Amino acid sequence: SSCNVMDPDWKIGFTKGTYNKKSSFVNVYNALFYAKDIPVFYLPYFGFSTDKTRRTGLLRPYIGYSKTEGTFYLQPIYVAGYVDWDLEFHPQIRTNRGEGLHTTFRFSDSLYSNGSIKFGGFKEKQKYYQEYNLKNQNHTGFEINYERTKLLSDQLKDTEDGLLIDFTYLNDIDYLNTQKNSAKGRSKLVTSKINYYLKRKNDYIGLYFKYFI
């Protein structure tokens, strides 16, 4: 139920429930959803997992429709790797426009860092490509995001340092626009940056790099 246990905003009643300790799964029978004390929705069976550990499987899909692009369906597929990495595949279809696939690899290569690499593309149908006079029929690119502290300071005494990489390369902005079903367009200017700093007592060195498309 909601946070207020004594007077919840909503609750689920049921006639029978079981919990499997081995699979961490709850089964509820004759489930009735209440808003306050008003019954709203009935299900003969309702089940859910209480296991919080990462596991390979399908994530929540994205579904939509537009007059120009047709029906939109994106199904994220999650691959749980080891503790320090995982993968996400995002295949999609737009019935009037085309198909695409984007992949995200997330990782942590130390106790002081985290990063991700995303790449993929979207291919326009010939009719859509010609009708809207698009610059490219294939929209491709990749993105690298990485943050780390103690890159060199573990080897240097009394120092502190940090690295930030936020880099994007693409052939046109629709590489980003087609990743989600959103009506909001992105700015045509894409800015990438790589920053690094190192400081020790009264000394500070900073390196800042920017790249524009």
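Worth saying up front: this structure is predicted, and the values here are computed from it rather than measured.

(A) Inspection of the side chain of N27 at higher detail. Examined against the element boundaries, N27 turns out to sit in strand β3 (residues 25-35). Look at N27 and you get buried, because its relative accessible area is 16%. A polar contact of 2.5 Å, which involves the side chain of N27, links it to the side chain of Y45. Contact partners of N27, with chain neighbours within four places excluded, come to K16, G17, T18, Y45 and F46.

(B) Representation of the side chain of E69 within the structure. As for its position among the elements, E69 is in the loop between β6 (62-66) and β7 (70-74). Judged by relative accessible area, which is 13%, E69 ranks as buried. Apart from the residues within four sequence positions on either side, E69 is in contact with R94, T95, N96, R97 and Y128.

(C) Here's a closer look at the packing of aromatic side chains. Under the definition given, this model contains 12 aromatic pairs. With a centroid separation of 5.5 Å and 50° between ring planes, the pair formed by Y29 and Y45 is classed as tilted. Here Y29, found in strand β3, pairs with Y45, found in strand β4 (residues 38-49); they are 16 residues apart in sequence, far enough to count as distant. Under the relative-accessibility criterion, Y29 is labelled partly exposed at 32%. A connected cluster of aromatic rings, assembled from ring pairs, spans Y82, W85, F105, F107 and Y146. One residue, K11, lies across the ring of Y34, its end atom 5.6 Å from the ring centre.

(D) Representation of unusual backbone geometry in the model. The backbone of K150 shows a phi angle near 55°, a positive value even though the residue is not glycine. The backbone phi angle of K201 is positive, close to 50°, even though this residue is not glycine. Considering the arrangement of structural elements, one finds K201 in the loop between β14 (191-200) and β15 (203-212). Owing to a relative accessible area of 74%, K201 belongs among the exposed residues under this scheme.

(E) Layout of the pattern of salt bridges. Using the criterion set out here, one finds 13 salt bridges in the structure. A salt bridge links K36 to D7, with the nearest nitrogen and oxygen atoms 3.5 Å apart. With K36 in the loop between β3 and β4 and D7 in the segment before β1 (10-13), this pair connects stretches of sequence that are 29 residues apart. K36 gets classed as partly exposed once you look at its relative accessible area, which sits at 39%. Put simply, R94 and E69 hold a salt bridge, and the shortest N to O gap is 2.7 Å. Taken as a pair, R94 in strand β9 (residues 85-94) and E69 in the loop between β6 and β7 lie far apart in primary sequence, 25 residues in all. Accessibility classification places R94 together with E69 in one group, the buried group. Connected through shared salt-bridge partners, E69, R94, R97, E124 and D174 make up one network.

(F) A look at the environment of Y82. Position of Y82 relative to the elements: it lies in the loop between β8 (77-80) and β9. Note: C-alpha distance between Y82 and Q179 (97 residues apart in sequence) is 26 Å.

(G) Fine view of the environment of D203. Within the fold, D203 resides in strand β15. For the pair D203 and T159, spaced 44 residues apart in sequence, the C-alpha to C-alpha distance is 9.6 Å.

(H) Structural view of a nonpolar patch on the surface. Together, W10, I12, F14, F33, I38, V40, F41, L43, F46 and F48 make up a nonpolar patch on the protein surface, roughly 900 Å² of accessible area in all. Counting only elements with at least two residues in the nonpolar patch, the list comes to β1 and β4. With six residues, β4 is the single largest residue contributor to the nonpolar patch. Within the fold, F33 resides in strand β3.

About the thresholds
Residues numbered from 1 in each chain as written. Predicted model: local features only at pLDDT ≥ 70, side-chain atom pairs only at ≥ 80, totals over all residues. Heavy atoms only, no water. Helix = DSSP H or I, 4+ residues; strand = E, 2+ residues; numbered from the N terminus. Buried < 20%, exposed > 50% of the residue type's maximum accessible area, 1.4 Å probe, protein only. Polar contact = N/O pair within 3.5 Å; in protein donor to acceptor, adjacent residues only side chain to side chain. Contact = heavy atoms within 4.5 Å. Phe/Tyr/Trp six-rings, centres within 6.5 Å; stacked < 30°, edge-to-face > 60°. Lys NZ or Arg CZ within 6 Å of the ring centre and 35° of its normal. Salt bridge = Lys/Arg side-chain N within 4 Å of Asp/Glu carboxyl O. Patch = residues over 30% accessible without salt bridge, like charges linked within 9 Å, V, L, I, M, F, W, Y side chains within 5 Å. Areas by Shrake-Rupley, 256 points an atom, 1.4 Å probe, with all protein chains shown as cover.

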